[in-house]
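Spelled out from the first residue to the last, the chains are:
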Amino acid sequence: MVFTEQQEALVKESWEIMKQNIPELSLQFFTTILEIAPAAKGLFSFLKDTDEVPQNNPKLKAHAVKVFKMTCEAAVQLRVKGAVDLPESTLKYLGAVHVKKGVIDPHFEVVKEALLRTIKDAVGEKWNDELCGAWSEAYDQLATAIKTEMKEEA
Ligand code: HEM
Ligand code: ISQ
């Protein structure tokens, strides 16, 4: 499937909006993940020993931002090159981290759902099927690249 300039623009525009509210966004992202899959809590070092998602944890914020940012970058790569194009070293690292932490394929659907819900809330009335489709496609392609590397790793 071709990733269009229009799709890239939709992803970039919404990420610009989301960037203005990183603390709330990151909190909501994790809260939604745990709503969908409470057991995922044990995977994250900064959530393991807490009852609630910590309100002001810089590590948590940084992690949430990475996922959004990488998905946004994936959208750019898809439009420019027609594929997600991560440096080999990054891919290796991502594969290794996720295998080591015990992440499995179905988790990627959980994170996707939480990502989309978080974007939906953040952009409000700008939300529509095209926007949802553009983020979904970028995320899916990025997730596939990571999952493939995880299998190499295993
Ligand atoms: C770690 C990105 C999917 C769970 C990381 C790191 C990155 C990342 C960049 C390394 C952070 C660092 O060390 O600085 C992504 C992206 C994903 C994805 C882009 C999807 C496209 C998932 C999924 C899960 C997951 C589906 C499972 C719920 C984790 C965990 C860590 C991690 C548990 C280690 C966190 C810790 O330090 O405790 N991920 N990830 N990731 N990821 Fe993901
Ligand atoms: C997946 N990998 C790393 C960090 C994350 C933060 C929030 C949601 C999913 C994540």
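The preceding data block contains the structure.
Residues numbered from 1 in each chain as written. Chains lettered and ligands numbered in written order. Predicted model: local features only at pLDDT ≥ 70, side-chain atom pairs only at ≥ 80, totals over all residues. Heavy atoms only, no water.

(A) Spatial organisation of helix α2 (residues 22-36). Between its first and last C-alpha atoms α2 spans 21 Å; for 15 residues at 1.5 Å apiece the expected length is 21 Å, and the two agree. Along α2, the residues that are buried comprise Ile 22, Leu 25, Ser 26, Leu 27, Phe 29, Phe 30, Thr 32, Ile 33 and Leu 34. Elements in contact with the buried residues of α2: α1 (5-19), α3 (58-81) and α5 (105-123). (Helix = DSSP H or I, 4+ residues; strand = E, 2+ residues; numbered from the N terminus. Expected span 1.5 Å × (residues − 1). Buried < 20%, exposed > 50% of the residue type's maximum accessible area, 1.4 Å probe, protein only. Contact = heavy atoms within 4.5 Å.)

(B) How the structure looks around the packing of aromatic side chains. Inspection of every chain in the model, using the stated rule, returns 7 aromatic pairs. With centroids separated by 5.6 Å and ring planes inclined at 85 degrees, the aromatic side chains of Phe 30 and Phe 46 adopt a geometry described as edge-to-face. With Phe 30 in helix α2 and Phe 46 in the loop between α2 and α3, the pair connects residues that are 16 residues apart, well separated along the chain. You'll find Phe 30 and Phe 46 in the same group, each marked buried. Ring centres 6.3 Å apart and planes at 80 degrees place the aromatic pair Phe 68 and Trp 135 in the edge-to-face group. Linking Phe 68 in helix α3 with Trp 135 in helix α6 (residues 129-153), this pair joins segments that are 67 residues apart in sequence. Comparing Phe 68 with Trp 135 shows no difference in burial state: the two are buried. (Phe/Tyr/Trp six-rings, centres within 6.5 Å; stacked < 30°, edge-to-face > 60°.)

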